[in-house]
Amino acid sequence: MSMLTPPGMGGQYRITGSKYPRMRRPRRRGRLVVAIVASVAAVGLIGWGTLQLIDVFTGGDRTLAAGSKAGCAPKVGLSPTATAKAVPAPGQITVNVFNATARSGLAKETADELKKRGFRIGTVGNATEDYDKKVKGAGVLLGAKAATGTSLPVLGTQLADAEQRTDTRTGGSVDLILGDGFKSLTDKPAADKALSALTAPAASASPGKDGKKKNC
């Protein structure tokens, strides 16, 4: 009997030779790799599906900065177009200068200074009864309703403390009625600065590809 033959097993069950079968468990490494790959793929699909749901419920607008609106790019390097405000130049404005005070020659002196600053001068004289000796402030700027956002503000840069009013006139001229509080027109450098600010370009949003403005 060979030494490889288990006890009690002889005859036809005798194992001969120097080799014998090794008893090993089946290899499962391949299955483990497949399981890991499947798990990773499943996690990836779940993440992608979550992002799609977020897009559905938020309209696809994941804002990059607080306050940004859908369809608008972040306000970085924004280059808005600029348009100048539509106000007339001093040379397009005719000013009537009236003196409502007891000081003589005040209307002419003021009219001459306005002319030097580029304004057209119309009538110069004493104020009408409605305003004569009744203007306590520096003065009153009087014009048609259409002059509210045009001629009156331009003339107002020359006398900052003047009160602006409108009447029923149809002409384009405006009146400067000098009151008891009038001392002089605004210094020319300050008046020029105010006039530049009044006519400065106004920024507007750049139009999109469809030609419509996008106010982001």
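Cut-offs and rules
Residues numbered from 1 in each chain as written. Predicted model: local features only at pLDDT ≥ 70, side-chain atom pairs only at ≥ 80, totals over all residues. Heavy atoms only, no water. Salt bridge = Lys/Arg side-chain N within 4 Å of Asp/Glu carboxyl O. Helix = DSSP H or I, 4+ residues; strand = E, 2+ residues; numbered from the N terminus. Buried < 20%, exposed > 50% of the residue type's maximum accessible area, 1.4 Å probe, protein only. Pairing = 2+ DSSP bridges. Axes fitted to C-alpha atoms, helices over the stretch in contact; angles between N-to-C directions. Core = buried A, V, L, I, M, F, W, Y, C linked by side-chain atoms within 4.5 Å. Contact = heavy atoms within 4.5 Å. Polar contact = N/O pair within 3.5 Å; in protein donor to acceptor, adjacent residues only side chain to side chain.

The protein chain appears in an unreviewed UniProt entry as LytR C-terminal domain-containing protein from Streptomyces gibsoniae.

With that settled, consider the pattern of salt bridges. Scanning the entire structure with this criterion turns up eight salt bridges. Between K136 and D180 there is a salt bridge, with its nearest N and O atoms 3.9 Å apart. Of this pair, K136 sits in the loop between strand 3 (120-126) and strand 4 (139-144) while D180 sits in the loop between strand 6 (174-178) and helix 4 (188-198), and the two are 44 residues apart along the sequence. Overall, the relative accessible area of 63% leaves K136 in the exposed class. Note that E163 and R165 form a salt bridge whose closest N and O atoms lie 3.0 Å from each other. In this structure E163 comes out as partly exposed when scored by relative accessible area, which is 40%. What emerges from the salt-bridge pattern is a single network uniting D167, R169 and D175.

A few words on the sheet that holds strand 6. The strand order 3-2-6-4-5 describes an open sheet built from five strands, whose pairing is mixed. For this open sheet the edge positions go to strand 3 and strand 5 (163-167), each flanked by a neighbour on one side alone. Between one strand axis and the next, the sheet turns by 20° as a mean value, whatever way the strands run. Across five bridges, strand 2 (residues 94-99) lies against strand 3 in parallel orientation. Paired with N99 across the bridge in strand 3 is N126.

For the rest of this paragraph, the subject is the nonpolar core. Core analysis: the largest hydrophobic core is formed by 22 residues, its most contacted members being V95, L114, L155 and L176. For this core, the elements supplying multiple residues, two or more each, are strand 2, helix 2 (106-116), helix 3 (151-156) and strand 6. Leaving out residues up to four positions away in the same chain, L155 has contacts with V95, L114, F119, L141, V174, D175 and L176. Core analysis: the second largest hydrophobic core is formed by eight residues, F98, A100, A127 and L142 among them.

So, on to the side chain of R117. By the element assignment, R117 lies in the loop between helix 2 and strand 3. Note on R117: relative accessible area 15%, which makes it buried. Of note is the side chain of R117, whose polar atom sits 3.1 Å from the side chain of E113. In terms of polar contacts, R117 uses its side chain to reach the side chain of Q158, at 2.9 Å. With near-sequence residues (within four places) excluded, R117 lies in contact with P90, Q158, L185, T186, D187, K188 and A191.

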